[in-house]
Each structure stands twice: as structure tokens, then as C-alpha cells.
Amino acid sequence: MLHIIACCKWVIDEVYIKRGRGEEIDFSSVDWKISDYDRHALEEAVRIKDSLGGKVTVLTVGAENAVKGMKDMLSRGADEGCLIKDESFARLDPAVTADIIAHAVKSRLSPYDLIFFGDGSSDLYARQVGPRVAAKLGISCLTGVRKIAFKDGYVEAERSLEREIEIVQAPLPVAITVLPEINTPRIPGVKDTLLASRKPVLNLSSCDFPDYTVPAVRTVAIKAVRLDRGCVFFENNAGGISSLVEELKKKGILS
Amino acid sequence: MDFKLTEEQELIRKNMREFCEKYVDPIAAEIDEQARFPKEVFEKLGAGDWMGIPVPTKYGGAGSSYLTHIVAVEELSRSCAASGFTLSIHVGIVEMLLLLYGTEDQKQKYLPPLARGEELGAFVLTEPGAGTDVMAAQTEITRDGDDYVINGTKTFTSNGPNAGVYIVFGWTDKSAGRKGMSAFIVPKGTPGMRVGEHFQKMGIRASQTSEMIFENCRIPKDNLLGKEGDGLAIAMTGLDHGRIGIAAQSVGILQAALDESIKYSKQRIQFGAPISRNQAIAWMIADMATDLAAARFLTYHAAWLKDEGKPFSREASMAKLFAAEAAMKHTIKAVQIQGGYGYCKGAKVERLMRDAKITEIYEGTSEAQRMVISGSLLR
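Just so it is clear, the structure is predicted and the values come from calculations on it, not from any experiment.

**Student:** Outline the pattern of salt bridges, supporting the account with residue identities and numerical values.
**Tutor:** In total, this model carries 50 salt bridges over all chains according to the counting rule given. As a salt-bridge pair, Glu156 of chain A and Lys151 of chain A come within 4.0 Å of each other at their nearest N and O atoms. Lys151 of chain A gets classed as partly exposed once you look at its relative accessible area, which sits at 41%. Here Glu315 of chain B and Arg314 of chain B are joined by a salt bridge, their closest N and O atoms 3.9 Å apart. When its relative accessible area of 18% is taken as the criterion, Glu315 of chain B is described as buried. The network of salt bridges with common partners includes Arg13, Arg17, Glu74, Glu75, Arg78, Asp259 and Arg296 of chain B.

Here's what the structure looks like:
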């Protein structure tokens, strides 16, 4: 029986972020959501379980509000949850997040066969947690995966690279980071949402992680970017085109 | 006091929003134009347990509260007010009446296919000469051995052409006055019942409306809903529940009008600045948002009273009256904000304005709501 772990991050839904005065960003009326790519990771875990049998554990690391996130995650087909929450986990860097996840998987969720991650998170998009967890656990990691098939005892995956598709095989257990094209995540039905809170959840907090270190990366400020338009006009003739090319070269856009 | 929805209700709202963005928004203008009932949308809603939210799980529902259903109607109406209304009638009137008045056999037989969205419900009360004046109905239902026989013509039946389960009202004993009307469950395909003329409506065009004609329509006595003579009370109970749904539909329309107005007024440049900088426009939006908040609270409060098992008839009428009139008033403003663009087909606000008008008319006109509210105060 497969044990599949899907890791999801509970992030601010960017559509609610407003620009404040000057460089300020207004987070006062934000709502939260499951990080976009992570929804595909969870969906893939559940689809594999549905076709091959087994159990899906959805895992998240976050602050107090991740409780609601866990309900959302459990409504999407996972069987069990692992909720690692602590107020000090609100702004972790990828290295510490990976330490926490790897420790939880090793000490509480083993044995396991597959660990799914989104290719990157909707907020930071550092794309580090998947590979770092795999390194900590000493298992292989397949990144940028757009298709998965199971053969005898190993998994075959299609990786989307810049100019080609790479087909790779790896033995289980394996960590996989997925691209959005791998599937279309389900929209939970009403019963799925109502039943989510009845599913078993393993609750962990900072005291379950004795080796927990304060993140090395500290977020000092988040500022809005102002895009200033040059408003340079070019004539619609040969001279205009060559001066446009010159201008783009000057800005380092063309070489 | 607690003004919060539960986390589950918030997630259910978000899921309905996502459902609408994926399956409803892309077709909403087209089904309005073609007056087409979006069967495919309701099949998907059925599969996601949206068609029987307050129905207990043993009858195939989701086993949640009436308020949860109301939130779903609101969110669906924000994308397509016609579909929100179809959902409201189906759950708020037909399923609720079966739950409240049905025998165990009737519940087991009729509720599961309704809750799964395999069948659609219809409430067959209005007649050509009997709108607000329900007692002016002409439909007669006579006992004949173990059967009843229905004769009469009903009009403005929502879901008429698409329903599978009809709750039909008529006189079983006209001499008994208010105790002379009875309600019956009539499944589609019953000989003697047929769909008459289809009505071409100004708004909610994706909800189909027709006459229903009964000519010696014979139904077994097991299809009597409640007791003989309970018809009027059943109809009024159905409308009390349904009105909270219409209030929610109006709230959804209002929210859509506000969304469109904010978006447009920040983009539209006149005299070198977005029109949202003009106080005339900004104040329209302030009034819209304020009435929306008030309408939403009245609506949720009425649904909450229902879930608490408290009387809610007056509050349902208040919510429906206020929300409907606010929806009409502000969708006109939303068109005004968009000017000529808002007056053309393809502008969502044009559809919202047409859809809003019916909320002041059906399931009791605004005047009828004022009768209910004042009647309960001046008794």
C-alpha cells in the first residue's frame, strides 16, 4: 500500500493584496489560499492513490491560520493531515522549512513512498523546499515534472526542461515537484468540505522540533515596485525602427 | 454576537466562486441571450452536493445548514442570477417542503434524486387569476377512490419545462376556505400533466418559465403532501423559505454590480482621470456597498433564525424586500456608471439590471412583503 505525502503551503491570495501609499503594500484585507502549484501536487497524490490504492497524508507548515488551510487541504481528497504550526513559523526561509518537513517525515510519517511538492510557492517561488527535503532524507528528487507513470518498483517521470522533455526513472521512495500541466485540480464538493474536519490530523508545534533553528533569512521589508514608463515615441518608419533598436540596446534589452 | 461564517462555510463559498469562474461565467451571457437552461451546470452542481445542502445525508444531501445553502445561492447568483434562482427554488422550496411535510416514504423516494441534482424541483402555485391572491385559484383536485384527479391551469411555473418533481396546489374542498387547499407531489411524465406556453422574460432568462396544464391528471393518494387542507400553510411555509433564497439572489446581484462598478470606474478615464475620482461616482459606489452590507446581514440573519428553529417569516420578508429593492436601485446606478457601454449587450451590468427586476416581483412582490411585515406588527 502506497503512502503518499503531499506538501502544501498556505499563502496569501495575491488578488487581495492592495497597493498602499508610496512603496507600502496593504495586507489588511487579504484572504489565504493553498499555494497554486501545491494544489496540483495534492491532486496528483490523490489521483495516484485513487488508481493504485494507498493513503495520502497532506502536510503543511505555518502559523495559527494554517488550521483553516488544513481543512481546505483535507477537503481535496487527502486521508490524513500533518499540521505543523507555530506562531514563529509565520515567516520561515526554505532551508528551515525543509528541515522541519524532513524531520516530521522521518520521525512521524515514515514509511513513505512518494513526497509531492509544487514546483514553487505562489508567494516566494524559491523552488527550494522539495529538493532540500529530498537531500535531507537522502532520496532522489525529480523536479519540474509534468507526467508520471508507475513501472515495477520505480516511477517514470517526464520533466519539462527549457528546450526538451526529459524522461527519467527513479526508485521509490522519491520526492517529486510538479508543474501545473500535470493535472487539473478538483473543486471540492460541499460534503468534501464538511467531512474534512473529521479526518485525523497529527498536530505538531515548535517543541516537536528540538533542532529547530531561527531562519537565517529574515524578511526586513516588503515594498511595492513602481514601474515607471519611459513614454518614448518612435516614428513609424525606417529611421524610427533603428532608433528603437538603439534605445533597446542602450537599456541592455538587445545586445 | 457573532458575525462570522464558519471556516467550512467560507471554504464552501470559495469553492462555489471557483466553480462559477470555471463553469458559469464563461456561458452566463450566452445562456441569457439564448434563454437556455444550463443543464450541464446543474449536473456538475449535483455531483458536488450543491443541490441539497440542507438535506440530511440519509436522504442524499450534504447535511449542512440552510445558511450554507444561502451562501451558495448568493455566490452562484453573482455569476448568473437565473441559475442562483433555479438552485433556490429547488432546495429552498421543493426540498424543504418535502423535508418538513413529506412522509418517510416520500422523503426516501423523492429527496435523493433531487439532492443529487438528477431531478429538478418546481413549485406550482400561481394561476392566471391568482398571483398575490392565492385564494383566487381555480385548480380543483377531486378524490376518486384511492386517487386524486387534478384539473386546472397554472402559470409562471419556474423550472416548469425542466423539472422532475412538481409540488402542485389546488382546492380539495373549496367550501373550507383557507383549510380547503391541498398540496400534491406530481412526478414528471404523469399522464394529464403537460408543459404549456413558455414565457419570454426580460431577465433571469436562463431559468425557464412555463404554464403547467392539468387535464384529468390522476395521482395516487400517497402523493398527498401533508394532510388534506394543509395546502395554503404549506405554500406559505415554502415561500417563507424561498424568500431568503431570493434575498440571497439579490445580494449576489448587488455584489456583482458593485464589483463591476469598482472595476469600471477605476479604469474609465474622462477629463484626464479615472471617473472613480468624481464624487458623483464615488458616492454611488459608497451607497451600493452600504446597502449590500445591510442586505447581506438581513439575509444571513433570516437564514440563521431558520437554522436556530426560531420564527423567521417576517425577517425573510424584510430581507427579501430590502435586498430586492436595493438590487434594483443599484443595478440601475451600475448601468449609469458605465454609460453607453453599460447599456449595450455584452456589458454584465445590463444583464444584472434586467435580472434584478424580477426579485421585486416573484415569491411575493415588494408590496406583498410589506403586507407580511406590517401584518405581523399590527396584528
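**Student:** Give me the lowdown on the domain arrangement of chain A, citing residues and values where you can.
**Tutor:** Quoted interface sizes are often the accessible area lost when the parts come together. In terms of domains, chain A is made up of domain 1 (2-208) and domain 2 (226-255). Placing a centre on the C-alpha atoms of domain 1 of chain A and another on those of domain 2 of chain A gives a separation of 43 Å.

**Student:** Kindly report on the domain arrangement of chain B, identifying the contributing residues and their values.
**Tutor:** All names here are of chain B. Structurally, chain B comprises domain 1 (7-120), domain 2 (122-231) and domain 3 (233-378). Taken over C-alpha atoms, the centre of domain 1 sits 23 Å from the centre of domain 2. Listed per partner, the contact involves 23 residues of domain 1 and 22 residues of domain 2. For the pair domain 1 and domain 2, the two sides together bury roughly 2,100 Å², of which 65% comes from carbon and sulfur. Taken as a group, Gln106, Tyr110 and Leu120 account for 25% of the area that domain 1 buries against domain 2, more than any other trio of residues on that side. In this structure, the salt-bridge partner of Lys188 is Glu119, at a minimum N-O distance of 3.4 Å. Across the domain 1-domain 2 interface, the total number found is 8 residue pairs in polar contact (both at pLDDT 80 or more). Among the secondary structure elements, those contributing two or more residues to the side of domain 1 that touches domain 2 are α1 (7-34), α4 (81-101) and α5 (104-115). Broken down by element, the residue count for the side of domain 1 that touches domain 2 peaks at 10 residues, all from α4. A per-class count over the side of domain 1 that touches domain 2 returns 16 nonpolar, 3 polar and 4 charged.

**Student:** Outline unusual backbone geometry, supporting the account with residue identities and numerical values.
**Tutor:** Residue Ser110 of chain A is joined to Pro111 of chain A through a cis peptide bond whose omega torsion reads -5 degrees. Take Pro111 of chain A: it is sitting in the loop between α3 (94-109) and β8 (114-118). Cis peptide bonds are those with omega within 30 degrees of zero, and the linkage from Leu172 of chain A to Pro173 of chain A qualifies with -5 degrees. Within the fold, Pro173 of chain A resides in the loop between β11 (165-171) and β12 (174-178). Phi at Ile204 of chain B is positive, roughly 30 degrees, even though this residue is not glycine. Assignment of secondary structure puts Ile204 of chain B in the loop between β6 (193-198) and β7 (209-220).

Each value, and the rule that gives it
Residues numbered from 1 in each chain as written. Chains lettered and ligands numbered in written order. Predicted model: local features only at pLDDT ≥ 70, side-chain atom pairs only at ≥ 80, totals over all residues. Heavy atoms only, no water. Salt bridge = Lys/Arg side-chain N within 4 Å of Asp/Glu carboxyl O. Buried < 20%, exposed > 50% of the residue type's maximum accessible area, 1.4 Å probe, protein only. Domains from an automatic or database assignment. Contact = heavy atoms within 4.5 Å. Buried area = accessible area lost by both parts, 1.4 Å probe. Polar contact = N/O pair within 3.5 Å; in protein donor to acceptor, adjacent residues only side chain to side chain. Helix = DSSP H or I, 4+ residues; strand = E, 2+ residues; numbered from the N terminus. Nonpolar A, V, L, I, M, F, W, Y, C, P; charged D, E, K, R; others polar.

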